[in-house]
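Chain by chain, the residues:
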Amino acid sequence: MDPIEQKYERLGELLQSLGKVVVAFSGGVDSAFLLKAALDFLGEDKVLAITADSETYPVREREEAIALAKELGAPHEVIHTSELAIPGYAENPTNRCYFCKNSLFEHLIPIAHERGFDCVVFGAIADDLGDHRPGLTAAHEKGVRAPLLEAGIKKSEIRHLSRKFNLRTWDKPSFACLSSRIPYGELITAHKLSMIDQAEDFLIQLGFRQVRVRQHENLARIEVPPAELAEVVAVAETIHQKLKEIGYAYVTMDLQGYRSGSLNEVLNKNELKVGASQ
């Protein structure tokens, strides 16, 4: 059997061992694949997808999650949460994601218990083990399972299987919450998150799929894949004008191009270890 197929079979065994599951569903590549697998292996009567809508979650992502859950035939609910209401979150520490995931699970676990579900699962993957992921600590503490990670499935394999299963998310660009655009230690506010959301939405409308607008106080630092840097320059004046209207004083482009977690690059190894352990 193909190694990827073996991992998928292992995923099925894991899901079946968990019983009825609540899936933390953002609508991204990983959670969409996890939801599809849960439906296939367990049946829709044993699955509930829940999307947490908050200040850090773009409107376009929420609408896409709703549409995708409907396409998959998944029972789906949207709940409203607020990361900014979590003590310590807005101060933007290096373990910010711990607060976020901990709060998310504190919302989902009671719902699971009340509805007769056995477990909450989320879309962490094998690749996450090599990065700064404090959210994994929160999941471990709360007893939340990560079947994709436990099955050893990587992002490239998820995209391969998603394409095979005709999931339209197979080539969807990677996504992270809007707070990840603000450097650690800089205060997170609803206004900043709104500015970032508007700026990225505008760039997406221009045709840039994999894009980040990193906000450094009143400066916007645009990241797109290196091959698309010239395309940004070609419409630089249009972008500059729109982002100034949104509220940025300065608009720049990162010449290194897009890379996941670029704001983690300024952290030293000790900070990463502290953030991951809390």
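Analysis parameters
Residues numbered from 1 in each chain as written. Predicted model: local features only at pLDDT ≥ 70, side-chain atom pairs only at ≥ 80, totals over all residues. Heavy atoms only, no water. Axes fitted to C-alpha atoms, helices over the stretch in contact; angles between N-to-C directions. Helix = DSSP H or I, 4+ residues; strand = E, 2+ residues; numbered from the N terminus. Parallel < 35°, antiparallel > 145°, perpendicular 65-115°, else oblique. Left-handed = near helix turned anticlockwise from the far one by under 90°. Contact = heavy atoms within 4.5 Å. Nonpolar A, V, L, I, M, F, W, Y, C, P; charged D, E, K, R; others polar. Expected span 1.5 Å × (residues − 1). Buried < 20%, exposed > 50% of the residue type's maximum accessible area, 1.4 Å probe, protein only. Arc of directions from axis to C-beta. Core = buried A, V, L, I, M, F, W, Y, C linked by side-chain atoms within 4.5 Å. 1 Å grid on protein atoms, 1.4 Å probe; cavity = no way out; pocket = protein on both sides within 12 Å on 5 of 7 lines; lining within 4 Å. Points joined across faces, edges and corners; volume = space filled by probe spheres on them. Domains from an automatic or database assignment.

Identification of the chain as ATP-dependent sacrificial sulfur transferase LarE from Paenibacillus thalictri is taken from an unreviewed UniProt entry.

Draft legend 1. Here's a closer look at the packing of helix 8 (residues 190–205) against helix 10 (residues 236–246). Running from amino to carboxyl end, helix 8 crosses helix 10 at an angle of 155°, the nearest separation of the two axes being 10 Å. Classified by the interaxial angle, the pair formed by helix 8 and helix 10 is roughly antiparallel. Where helix 8 crosses over helix 10, the handedness of that crossing is right-handed. Counted together, Met195, Gln198, Ala199, Phe202 and Leu203 of helix 8 and Thr238, Ile239, Lys242, Leu243 and Ile246 of helix 10 form the full contact between these two elements. Among the residues making up the contact of helix 8 with helix 10, the classes are represented as seven nonpolar, two polar and one charged.

Draft legend 2. Here's a closer look at helix 3 (residues 59–72). Taking 1.5 Å of rise per residue, the 14 residues of helix 3 would be expected to cover 20 Å, and the 20 Å separating its terminal C-alpha atoms lies within 8% of that figure. For helix 3, the set of buried residues is Glu61, Ala65, Leu68 and Ala69. With its buried residues spanning 100° around the axis, helix 3 presents them on a single face. Across from the buried face of helix 3, at angles greater than 90 degrees, the exposed residues are Lys70 and Glu71. The elements touched by buried residues of helix 3 are helix 2 (29–42), strand 2 (47–53) and strand 3 (76–80). Looking at the residues trailing helix 3, positive phi occurs at glycine 73, about 75°.

Draft legend 3. Seen up close, the nonpolar core. Membership of the largest hydrophobic core comes to 34 residues, with the highest contact counts inside it found for Leu11, Val21 and Phe33. Looking at this core, the elements that each hand over two or more residues are helix 1 (3–18), strand 1 (21–24), helix 2, strand 2, helix 3, strand 4 (119–121) and helix 7 (155–164). If you look at the next biggest cluster of nonpolar residues, it comprises 24 residues, including Cys100, Met195, Ala199 and Leu203.

Draft legend 4. Quick peek at the layout of surface pockets. Approximately 310 Å³ is the volume attributed to the second largest pocket. What lines the second largest pocket is a set of 18 residues, among which Glu61, Glu64, Lys172, Pro173 and Arg209 lie closest to the centre. Of all elements in the fold, only helix 3 and helix 8 reach the threshold of two or more residues within the lining of the second largest pocket. If you tally residues by element for the lining of the second largest pocket, the top one is helix 3, at three residues. Among the residues forming the lining of the second largest pocket, the class breakdown is five nonpolar, three polar and 10 charged. Mapped onto the domain boundaries, the lining of the second largest pocket takes at least three residues apiece from domain 1 (3–165) and domain 2 (178–264).

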